[in-house]
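If you want the building blocks of each chain, they are given just below.
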Amino acid sequence: MELLKQRIREVGQVLSNEVIKLDAILNHAVDPVLTTAMGKEFATIFAEEGVTKILTIESSGIPIAFAAAQILNVPMVFARRKKPVSSDTTEIYSERVPSFTKGFVTDIMVAREFLSAEDRILLIDDFIANGDAARGLIRIIRRSGAHLVGVGIAVEKTFQAGGRTIRESGIRVESLVSISSMENGNIIFE
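Because the structure is a prediction, the values reported are computed rather than measured.

**Observations concerning the pattern of salt bridges**
- According to the stated counting rule, one finds 14 salt bridges in the structure shown.
- With a closest N to O distance of 3.1 Å, Arg-7 and Asp-31 form a salt bridge. Linking Arg-7 in helix H1 (residues 2-11) with Asp-31 in the loop between helix H2 (23-27) and helix H3 (32-45), this pair joins segments that are 24 residues apart in sequence.
- The exposure class assigned to Asp-31 is buried, which follows from its relative accessible area of 16%.
- Among the salt bridges present, the one from Arg-143 reaches Glu-95, with a minimum N-O distance of 2.5 Å. Of the two residues, Arg-143 sits in helix H5 (residues 132-144) while Glu-95 sits in strand S5 (residues 92-98), which places them 48 residues apart along the sequence.
- Taken together, the salt bridges that share partners define one network made up of Glu-49, Arg-120, Arg-172 and Glu-174.

**Looking at the nonpolar core**
- Counting residues in each nonpolar core, the largest one holds 28 residues, and the members touching the most others are Leu-4, Ile-8, Ile-54 and Val-155.
- Mapped onto this core, the elements with two or more residues apiece are H1, H2, H3, helix H4 (62-72), strand S7 (120-128), strand S8 (147-157) and strand S9 (173-181).
- With 4 residues, H4 is the largest single contributor of residues to this core.
- Contacts of Ile-8, omitting those with residues within four sequence positions, involve Ile-20, Leu-22, Ile-25, Val-155, Val-177, Ile-187 and Phe-189.
- Membership of the second largest hydrophobic core comes to 25 residues, among which are Leu-55, Val-97, Ile-108 and Ala-134.

**Remarks on the sheet that holds strand S10 (residues 188-189)**
- Strand order in the open sheet formed by 6 strands is S4-S3-S7-S8-S9-S10, and the pairing between neighbours is mixed. One side of each edge strand has no neighbouring strand; the edge strands of this open sheet are strand S4 (76-79) and S10.
- Lying over the sheet, H4 contacts strand S3 (53-57), S4, S7 and S8, oriented at roughly 175° with respect to S3.
- Contacting S3, S4, S7 and S8, H5 crosses the sheet at an angle of about 165° to S7.

**Things to note about the environment of Lys-53**
- As for its placement among the helices and strands, Lys-53 is situated in strand S3.
- Classification of Lys-53 as buried rests on a relative accessible area of 12%.
- Residues Lys-53 and Leu-72, 19 residues apart in the sequence, show an inter-C-alpha distance of 9.1 Å.
- Apart from residues lying up to four places away in sequence, Lys-53 is in contact with Val-74, Pro-75, Val-77, Phe-114, Leu-115, Asp-119, Arg-120, Ile-121 and Leu-122.
- Separated by 3.1 Å, the side chains of Lys-53 and Asp-119 make a polar contact.

**Brief notes about the packing of aromatic side chains**
- One pass over the structure, following the stated rule, counts 0 aromatic pairs.
- Above the face of the Tyr-93 ring, Arg-112 is positioned so that its terminal group lies 4.3 Å from the ring centre.

**Some words on the side chain of Ser-178**
- Here Ser-178 is to be found in strand S9.
- The exposure class assigned to Ser-178 is buried, which follows from its relative accessible area of 17%.
- Not counting residues up to four positions away in its chain, the partners in contact with Ser-178 are Glu-156, Thr-158, Ile-188, Phe-189 and Glu-190.

**Regarding the packing of H1 against H3**
- Two elements in contact, H1 and H3, have axes separated by 10 Å at closest approach and are oriented at 145°. Seen along the crossing, H1 lies across H3 with a hand that is left-handed. Judged by residue contacts, Leu-3, Leu-4 and Arg-7 of H1 engage Leu-34, Ala-37 and Met-38 from H3.
- Grouping the amino acids of the contact of H1 with H3 by side-chain chemistry returns 5 nonpolar, no polar and 1 charged.

**Some points on the environment of Lys-5**
- The topology assignment puts Lys-5 in helix H1.
- Here Lys-5 falls in the buried class, since its relative accessible area comes to 13%.
- For the pair Lys-5 and Ala-37, spaced 32 residues apart in the sequence, the C-alpha separation amounts to 12 Å.
- Residues within four places of Lys-5 in sequence aside, it is in contact with Val-177, Phe-189 and Glu-190.

Definitions and limits used
Residues numbered from 1 in each chain as written. Predicted model: local features only at pLDDT ≥ 70, side-chain atom pairs only at ≥ 80, totals over all residues. Heavy atoms only, no water. Salt bridge = Lys/Arg side-chain N within 4 Å of Asp/Glu carboxyl O. Helix = DSSP H or I, 4+ residues; strand = E, 2+ residues; numbered from the N terminus. Buried < 20%, exposed > 50% of the residue type's maximum accessible area, 1.4 Å probe, protein only. Core = buried A, V, L, I, M, F, W, Y, C linked by side-chain atoms within 4.5 Å. Contact = heavy atoms within 4.5 Å. Pairing = 2+ DSSP bridges. Axes fitted to C-alpha atoms, helices over the stretch in contact; angles between N-to-C directions. Polar contact = N/O pair within 3.5 Å; in protein donor to acceptor, adjacent residues only side chain to side chain. Phe/Tyr/Trp six-rings, centres within 6.5 Å; stacked < 30°, edge-to-face > 60°. Lys NZ or Arg CZ within 6 Å of the ring centre and 35° of its normal. Left-handed = near helix turned anticlockwise from the far one by under 90°. Nonpolar A, V, L, I, M, F, W, Y, C, P; charged D, E, K, R; others polar.

Keep in mind these numbers describe shape, not what the thing actually does.
Encoded structure:
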């Protein structure tokens, strides 16, 4: 997706060979034009899959997932990282996942009422590095009995194993932009 590549070139800050900061467009601020374009692209890519619901994880995946859900005219659900006091722990699906960028392990949870065996789920997220968050969401989807139609990722770091290992498990993964290297501060797209 050329628009996303262009915006990454403009605002991306390479912090190390493994970490890129995209706060201006994905992780702290939202670029509505770009976000809508990403949602349209995912809606087009997965148009024939019969998606009934989009699942993401708070917080950076929400705007992109919302844009795609709006275009596909389906509900969007997001996994929470903290259990609200109003939640009954027997009424949630929960997984423990490490966060590559945050550097700690967290619990993610989705209320059981929002996933059913009849659902055809499209999982959308902003980044994939090691794939731990995506694998946690995939485990939740499987436990719910829903069918995962695919994973849509805005930015995949292909020099890390996340996208590759999920593809190897037979799951369709579609990334809008793939970064193959950030060596010496240079962003190299595939």
